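Below are the chains, spelled out letter by letter.
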Amino acid sequence: MKLIDAIELSKEYPTRNGKRQVLKNISFQVLQGDHFGILGRNGSGKSTLVRLISGIELPSQGVIKRSMSVSWPMAFTGSFQGSLTGLDNLRFIARIYGKDAGEVRPFVEDFAELGNYFLEPVKNYSSGMVARLAFALSLAIDFDCFLIDEVIAVGDARFRQRCHDELFVKRKNHAFIIVSHDPEILKTYCNRGAVLSNGQLETFNTIDEAYEHYTKIG
């Protein structure tokens, strides 16, 4: 069975006043096809947890076992080389994931809507253009599980609708891990839920149970 198994994850960062622990002994599982929502206030550590799941950062303690392929966080731009063009970045990422760059290029060009900028260095892009390229590249790789931080906040309404259709309609049988402080978003897209508060994660069988707990802790 394909799954993501997080076992007693902790994450701390050094500060001027000593170490700050963001996550404390978190454990959970996400199975193939799960739509798993994580509720948490701003600053609760949601984005940190997403980075650990994706492998962008390593936990201070604990382990994440992955038997399914996991995307980088949707619209994450930290892996781009600014001096390379959008096309060159596509070729690099395709090579990493064993994909034919020629096969994924038409989708990325069409979806990112960069026009001639696709052949310009990424450092010349606006933040929105970089995010659109990142989102298009995420969708061009057929991951088993997609990581989504605060759902879709990229581009105009039309582009957000295209993102919605590609993710939640065409890939509805894939697994999703969605983190947000907005319970209505998670109630729309998720069937299971968890609440992240004070560095600890409590999981629930349904998103409604997670939402009820979220409202109680204030």
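Everything here concerns the structure above.
What comes next concerns the included structure.

Thresholds, definitions, all that
- Residues numbered from 1 in each chain as written.
- Predicted model: local features only at pLDDT ≥ 70, side-chain atom pairs only at ≥ 80, totals over all residues.
- Heavy atoms only, no water.
- Helix = DSSP H or I, 4+ residues; strand = E, 2+ residues; numbered from the N terminus.
- Rg over C-alpha atoms; globule rule 2.2 N^0.38 Å.
- Buried < 20%, exposed > 50% of the residue type's maximum accessible area, 1.4 Å probe, protein only.
- Contact = heavy atoms within 4.5 Å.
- Areas by Shrake-Rupley, 256 points an atom, 1.4 Å probe, with all protein chains shown as cover.
- Lys, Arg positive; Asp, Glu negative; His and termini not counted.
- Charge placed at Lys NZ, Arg CZ, Asp CG, Glu CD.
- Phe/Tyr/Trp six-rings, centres within 6.5 Å; stacked < 30°, edge-to-face > 60°.
- Lys NZ or Arg CZ within 6 Å of the ring centre and 35° of its normal.
- Pairing = 2+ DSSP bridges.
- Axes fitted to C-alpha atoms, helices over the stretch in contact; angles between N-to-C directions.
- Core = buried A, V, L, I, M, F, W, Y, C linked by side-chain atoms within 4.5 Å.
- Polar contact = N/O pair within 3.5 Å; in protein donor to acceptor, adjacent residues only side chain to side chain.

Overview of the overall build of the protein chain
Okay, step 1: Per the secondary structure count, the protein chain includes seven helices and eight strands.
Okay, step 2: For the protein chain, the C-alpha radius of gyration of 18 Å lies close to 17 Å, the compact-globule estimate for 218 residues.
Okay, step 3: Its C-alpha atoms give the protein chain principal-axis dimensions of roughly 50 × 40 × 35 Å.
Okay, step 4: Buried residues in the protein chain amount to 48% of all 218 residues.
Okay, step 5: Once local pairs closer than 6 in sequence are excluded, the contacts in the protein chain between residues at least 24 apart make up 66%.
Okay, step 6: Surface exposure of the protein chain reaches about 10900 Å², of which carbon and sulfur atoms provide 45%.
Okay, step 7: With 26 positive and 25 negative side-chain charges, the protein chain shows a spacing of 5 Å between the two charge centroids.

Some points on the packing of aromatic side chains
Okay, step 1: According to the stated counting rule, one finds eleven aromatic pairs in the structure shown.
Okay, step 2: Considering the side-chain rings of tyrosine 117 and tyrosine 125, the 6.3 Å spacing of their centres and the 85 degrees angle between planes classify their relative orientation as edge-to-face.
Okay, step 3: With relative accessibility at 42%, the residue tyrosine 117 sits in the partly exposed group.
Okay, step 4: Aromatic pair phenylalanine 143 and phenylalanine 146: ring centres 5.9 Å apart, planes at 90 degrees, arrangement edge-to-face. This pair shows no difference in class: phenylalanine 143 is buried, exactly as phenylalanine 146 is.
Okay, step 5: Members of the aromatic cluster, joined through ring pairs, are Trp72, Tyr97, Phe143, Phe146, Phe168, Phe176 and Tyr189.
Okay, step 6: For the cation-ring pair, arginine 41 lies above tyrosine 214, with the distance from its terminal atom to the ring centre recorded as 4.1 Å.

Side note on the sheet that holds strand β8 (residues 200-204)
Okay, step 1: Taking strand neighbours across the sheet as the criterion, the five strands line up as β5-β6-β3-β7-β8 in an open arrangement whose pairing is mixed. Lying at the two open borders of the sheet, with one neighbouring strand each, are β5 (145-149) and β8. Strand-to-strand twist of the sheet, defined as the mean angle between neighbouring strand axes without regard to direction, takes the value 15 degrees.
Okay, step 2: Bridge count for β5 against strand β6 (residues 175-180) is five bridges, and the pairing is parallel.

Considering the nonpolar core
Okay, step 1: If you look at the biggest cluster of nonpolar residues, it comprises 43 residues, and the most contacted ones within it are Phe80, Val108, Leu133, Leu137, Leu167 and Ile178.
Okay, step 2: Going through the elements one at a time, α2 (86-96), α3 (101-112), α4 (127-140), β5, α5 (157-169), β6, α6 (183-189) and α7 (207-217) are the ones with two or more residues in this core.
Okay, step 3: For this core, the leading source of residues is α4, giving nine residues.
Okay, step 4: Leaving out residues up to four positions away in the same chain, phenylalanine 80 has contacts with Asn89, Ile93, Val122, Val130, Leu133, Ala134 and Leu137.

Here's the deal with the environment of serine 69
Okay, step 1: Considering the arrangement of structural elements, one finds serine 69 in the loop between β4 (61-66) and α2.
Okay, step 2: Through-space distance from the C-alpha of serine 69 to that of cysteine 145 is 6.3 Å; in sequence the pair is 76 residues apart.
Okay, step 3: Contacts of serine 69, omitting those with residues within four sequence positions, involve Asp142, Phe143, Asp144 and Cys145.
Okay, step 4: Within the structure, the side chain of serine 69 is placed 2.8 Å from the backbone nitrogen of aspartate 144, a separation counted as a polar contact.

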